[in-house]
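Coordinate inspection notes
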Amino acid sequence: MRVFNSMTRQKEEFIPLKKGEVSIYVCGPTVYNHIHIGNARTFISFDVIRRYLIWRGYDVRYISNITDVDDKIINRAHEEGRSAEEVASEYTAAFEKAMLALGVLEPTIRPRATDEIDEMIAVIDRLITMDHAYAVDGDVYFKVRSFPSYGSLSGRQLDDMLSGARVEIDERKNDPLDFALWKAAKEGEPFWDSPWGPGRPGWHIECSCMSKKYLGMPFDIHGGGADLIFPHHENEIAQAEACFETVFARYWMHGGMLLIDKEKMSKSLDNFLLIKDVLEQIDYRVIRLLMLQTHYRSPLDYSRERVDEAVVAYDRIKSTLRNTQWAIENADISCECDADEFVSADMLRSCAEEARAQFVESMDDDFNTAGALGAIFTLIGCTNTFLVHGIQSDEDTESARMVVETLVELMGILGIDMSDGDQPLPQELIALASELLGVGAKTPEAAVDILLEGRRAARASRNWGMADAIRDGLTNLGFIVEDTAQGARIHLERR
RNA sequence: GGCGACGUGGCCAAGUGGUAAGGCAGAGGACUGCAAAUCCUUUACCCCCGGUUCGAAUCCGGGCGUCGCCUCCA
């Protein structure tokens, strides 16, 4: 497997520290609001990476935190006249709910910053002892110039940063580049006692401490959005490596930004799209499919058009799966149709094997989900052609089953669950059968059979009025009826 | 100004040395009572100009363009 390492800016062979085990830390959200769709993209990207590593047989230890103490949370709390704890706990719950709805696996451990304050104080204290940090008026700052390799991840020189002139000037800092490890509490702010007085940890130290505590150092993969490279990840490295004098993370992986109308989401542009609102309208599978059609490191421009396209693409997979299943259930072994010009059972089987191999090859190459999906769609096309002649033999059945298994398994690696069971049929079907055909059915299932048989008979006698009445009746109940050479099949329309 | 990334068909997007996956949209055809679904066929001067090479979308140099980071940010 090859992985693009932001630190070296190239793809590298992925070799975990411990054979068969992978340790990952992904920066979680600051819980001051509902997460937006850009946040969601990052968490979905790393969820897929994790799922693939698991599928590849690795024992994956996946840590993702909650930053539940931060200036933004405090600001929000002030605005709304409630406590920072209330704000944090509301949006922590909302975040967990969103992750569940998006099909993101729960981390092995989801540490909260506020539960880890003691460790942070210990690390800060040690950094001061080692002369990598200093306290001023209850604040503690990290001495950037005491860490020679500072800037290596983001690829910038200390002097270049200064010339940017956007660095905040703070008289109390020894150097304008120094950043806060500990912030003294102001009136009305949450605080913890420390050797430097009451205060709270800085954002960067939180992630350094939590990753070190739960994964040790060095650990394998550190992930997050590309916008965290500087200063967040740069600072994490400086703190952790200065304190523990060993490598922090071995591979740095960064997800590309999600843009809306070609611009990054921002408050000033007021183009935030909250994932909870998106999920009200769009199936999470469609969202995942849409995102995974682009490589995780590339920028992704989100738009209504892209969603519409993804809906169609998703339906293509869904209907192939459904149609294959239907063909298996409605096999006509006795049929002697000539299948030579179509895809044979053997061809379908090798098509599925090829798709699987291409899927793996793509995913092994820095988690190329777009390529992996290409392999899946190639199998979809192959399967559809195969289905033109229906299932005519046991070999056909076997190959068709294999396709279903392959598709469900591979999509599952992408976190897209295609195996959802049949929804219960509505009772109204019984009334419909009775109304149109005068036949009483005991169950909706029986009613469907009666209706389809009634329609078949009507069509056979060229009674189009009756045939269409039955179809219209089913359509009104949300069903789509499709006539194939092997008979009529029926399914519930997507909502 | 500094750092970095990207520029592939109408739209989106894989592909990093051997003449271009896939999705969406379009056109033509097949099937069909109609519809739906599906199948078949079809659409690429790989931003421009130089260079390296037997051979480049792919490597190197230059240009143009887009975007991100440099301040909180997934």
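Model, not experiment: these values are computed from the prediction.

**What about the protein's contact with RNA strand B?**
Around RNA strand B, 52 residues are found, and the nearest of them are W203, G225, L228, K264 and R471. In the model, a sugar or linking oxygen of RNA strand B is placed 2.8 Å from a nitrogen or oxygen of the N39 side chain. In this structure, N368 approaches RNA strand B through a side-chain N or O atom, which is 2.7 Å from a sugar or linking oxygen. Looking at the surface near RNA strand B, the elements that each hand over two or more residues are α1 (37–55), β9 (219–225), α10 (304–329), α12 (369–387), α15 (444–460), α16 (464–476) and β14 (479–484). Tallied by class, residues from the surface near RNA strand B come to 14 nonpolar, 22 polar and 16 charged.

**Here's the deal with the side chain of Q392**
With respect to the helices and strands, Q392 occurs in the loop between α12 and α13 (394–413). A polar atom in the side chain of Q392 sits 2.9 Å from the backbone oxygen of H389.

**Here's the deal with the sheet that holds strand β12 (residues 263–264)**
Sheet architecture is open: three strands sit in the order β12-β11-β13, paired in mixed fashion. Every other strand in the sheet has two partners, leaving β12 and β13 (300–302) as the edge strands with one partner each. Bridging between strand β11 (residues 258–260) and β13 involves three bridges; their strand directions are parallel. In the sheet register, I260 faces β13, and the bridge partner there is Y302. Along the sheet face, α1 touches β11 and β13 and points at about 155 degrees away from the line of β11.

**Brief notes about the pairing of strand β4 (residues 59–64)**
Bridge count between strand β3 (residues 21–26) and β4: six bridges; the pairing is parallel. When the sheet's bridge partners are listed, I24 is paired in β4 with Y62. Regarding topology, α1 serves as the crossover connection from β3 to the parallel β4, and that connection is right-handed.

**Side note on the environment of P424**
Within the element layout of this structure, P424 appears in the loop between α13 and α14 (428–437). Judged by relative accessible area, which is 72%, P424 ranks as exposed. Between the C-alpha atoms of P424 and E445, which are 21 residues apart in sequence, the distance is 9.2 Å.

**Structural notes on the side chain of H204**
Here H204 lies in helix α6 (residues 203–215). Note on H204: relative accessible area 11%, which makes it buried. Once you skip the residues sitting within four places of it in the chain, H204 turns out to touch F179, P231, H232, N235, E236 and Q239.

**Section: the nonpolar core**
Formed by 95 residues in total, the largest nonpolar core has its most connected members in L53, L102, I275, F359, F367 and L414. Discounting chain neighbours no more than four positions away, the residues touching F367 are M1, V3, I49, Y52, L53, M253, H295, Y296 and S362. In this structure, M120, A133, L153 and F219 belong to the second largest nonpolar core, which totals 42 residues.

**Focus on the sheet that holds β4**
If you trace the four strands from one edge of the open sheet to the other, you get β4-β3-β9-β10, paired in parallel fashion. On the outer flanks of this sheet lie β4 and β10 (249–255), each paired with one strand and no other. Mean inter-strand twist for the sheet, computed between neighbouring axes without regard to direction, equals 20 degrees. Along the sheet, α1 contacts β3, β4, β9 and β10; its crossing angle with β4, the most-contacted strand, is approximately 160 degrees. Sheet contacts for α6: β3, β4 and β9; angle to β3, the most-contacted strand, approximately 160 degrees.

What counts and what doesn't
Residues numbered from 1 in each chain as written. Chains lettered and ligands numbered in written order. Predicted model: local features only at pLDDT ≥ 70, side-chain atom pairs only at ≥ 80, totals over all residues. Heavy atoms only, no water. Near = heavy atom within 4 Å. Polar contact = N/O pair within 3.5 Å; in protein donor to acceptor, adjacent residues only side chain to side chain. Helix = DSSP H or I, 4+ residues; strand = E, 2+ residues; numbered from the N terminus. Nonpolar A, V, L, I, M, F, W, Y, C, P; charged D, E, K, R; others polar. Pairing = 2+ DSSP bridges. Contact = heavy atoms within 4.5 Å. Axes fitted to C-alpha atoms, helices over the stretch in contact; angles between N-to-C directions. Right-handed = clockwise from strand over helix to strand, strands pointing away. Buried < 20%, exposed > 50% of the residue type's maximum accessible area, 1.4 Å probe, protein only. Core = buried A, V, L, I, M, F, W, Y, C linked by side-chain atoms within 4.5 Å.

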